[in-house]
Amino acid sequence: MNLKLPKALQFMQNQFEKSIRPYLHINCEIRNDLSLWDSKFGGYPYIPKNSTIPKDSKGKPMVLLAQINWGQTPKLKNYPKKGITQFFISNADDYLYGMDFRKPTLQKNWRILHYPKIEQKEEKLVSDFSFLQDDKELYEKAQFNFPYKLKKGARNFAISMKFELKQSPVLTRDYEFAWLINQGKDFFWRNFDPNNPEIGYQLLKEYNQSYPPITHKI
């Protein structure tokens, strides 16, 4: 992999090269024709008839945030080779969508499910989701910038995932960045030039342009 480092960071080329890891880049497209077992953001979930949609602390069905069918992804070390992993969040009008800072692992208003085997016979899957609340209003008043105009029946729409296997050095928002690049020292960018902190922030900006820290990836 040919690293694109700002000139002022090239003396640390070795540290950045050692941090290179493979990842799956996710390309997104809004669709209304995805199957129940496809990889997607939003839409109807894959739910076998002997299972149920998880409910939040108020007893309401949660919303499918994302679903990954590992049979549709390139192989990635330490990740499943098959099955479906799902991420559900509370349907409450809450900008944190179930996050609890005091108990971050408590799956009360969010839930992660994994099905190691995928059933593709539709008669064995839940297909009637009329009991679910329509999400149109929730999406429209979401705290993030949702760019799509949704009709009534918003759950019919989903964002498809298409995966590409790529490589990248450690990203600046990765919790391991300081350890991998700067031997665990904090404020690396601010301290890059003690006499001129702005130089460090400019380098941060340039590095982030080459290796964006906020994208859809695994």
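Just so you know, these numbers come straight off a predicted model, no measurement behind them.

S.K.: How would you explain the side chain of Asp100 if you had to name every residue and give the values?
M.R.: Position of Asp100 relative to the elements: it lies in the loop between β4 (84-89) and β5 (110-115). Only 3.0 Å separates the side chain of Asp100 from the backbone nitrogen of Arg102, close enough to count as a polar contact.

S.K.: Which residues make up the sheet that holds strand β2 (residues 40-41), and what values go with them?
M.R.: By definition, the strands of a sheet pair up through backbone hydrogen bonds, in either a parallel or an antiparallel sense. Taking strand neighbours across the sheet as the criterion, the six strands line up as β1-β6-β2-β3-β4-β5 in an open arrangement whose pairing is antiparallel. Lying at the two open borders of the sheet, with one neighbouring strand each, are β1 (21-31) and β5. For β2 and strand β6 (residues 158-168), the ladder comprises two bridges, and the chain directions are antiparallel. Bridge pairing in β6 links Phe41 to Ile159.

S.K.: Quick one: what's the story with helix α4 (residues 197-210), residue by residue and with numbers?
M.R.: An α-helical segment advances 3.6 residues per turn. Residues three or four places apart therefore align on the same side. If you check α4, its first and last C-alpha atoms are 21 Å apart, about what 14 residues at 1.5 Å a residue would give, namely 20 Å. Of the positions making up α4, those classed as buried are Gly200, Leu203 and Tyr207. Down the axis of α4, the smallest arc covering the buried residues is 60 degrees, so these residues share one side. Of the residues in α4, the exposed ones pointing more than 90 degrees away from the buried face are Glu198, Lys205 and Gln209. Where α4 is buried, its residues meet α1 (13-18) and α3 (177-182).

S.K.: Can you tell me about the environment of Glu164, naming the residues and giving the values?
M.R.: Considering the arrangement of structural elements, one finds Glu164 in strand β6. For the pair Glu164 and His25, spaced 139 residues apart in sequence, the C-alpha to C-alpha distance is 5.1 Å. Apart from the residues within four sequence positions on either side, Glu164 is in contact with Tyr23, Leu24, His25 and Asn27. Side-chain polar atoms of Glu164 contact the side chain of Asn27, separated by 2.8 Å.

S.K.: Just give me the short version of the nonpolar core, but keep the residues and values in it.
M.R.: Membership of the largest hydrophobic core comes to 15 residues, with the highest contact counts inside it found for Leu9, Phe16, Phe177, Trp189 and Tyr207. Those residues in contact with Leu9 that lie beyond four places of it in its chain are Phe16, Phe188, Trp189, Phe192, Leu203 and Tyr207. In this structure, Trp37, Ile47, Ile53 and Tyr115 belong to the second largest nonpolar core, which totals 13 residues.

Procedures and definitions
- All residue numbers refer to position in the chain's written sequence, counted from 1.
- Per-residue local features of the predicted model are confined to residues with pLDDT of at least 70, and side-chain atom pairs are confined, for both listing and counting, to 80 or more; whole-chain, interface and lining totals are unaffected and use all residues.
- Derived side-chain values reflect all non-hydrogen atoms in the structure, with water molecules and hydrogen atoms excluded from consideration.
- Elements are defined by DSSP. Helices are runs of H or I of four residues or more, strands are runs of E of two residues or more, and each kind is numbered from the N terminus.
- In protein, a polar contact means a hydrogen-donor-capable atom and an acceptor-capable atom, both N or O and within 3.5 Å, with residues adjacent in sequence counting only if both atoms are side-chain atoms; elsewhere, any N or O pair within 3.5 Å suffices.
- When DSSP locates at least two bridges between a pair of strands, those strands are taken to pair.
- For a helix, the expected span equals 1.5 Å multiplied by the residue count minus one.
- Each residue gets one of three labels from its accessible area relative to the maximum for its type: buried under 20%, exposed over 50%, partly exposed in between, using a 1.4 Å probe on protein chains only.
- In this context, the arc is that of the directions from the helix axis out to the C-beta atoms.
- Contacts are assigned to residue pairs with any non-hydrogen atoms lying within 4.5 Å of each other.
- Side-chain atoms within 4.5 Å are what join buried Ala, Val, Leu, Ile, Met, Phe, Trp, Tyr and Cys residues into a set we call a nonpolar core.

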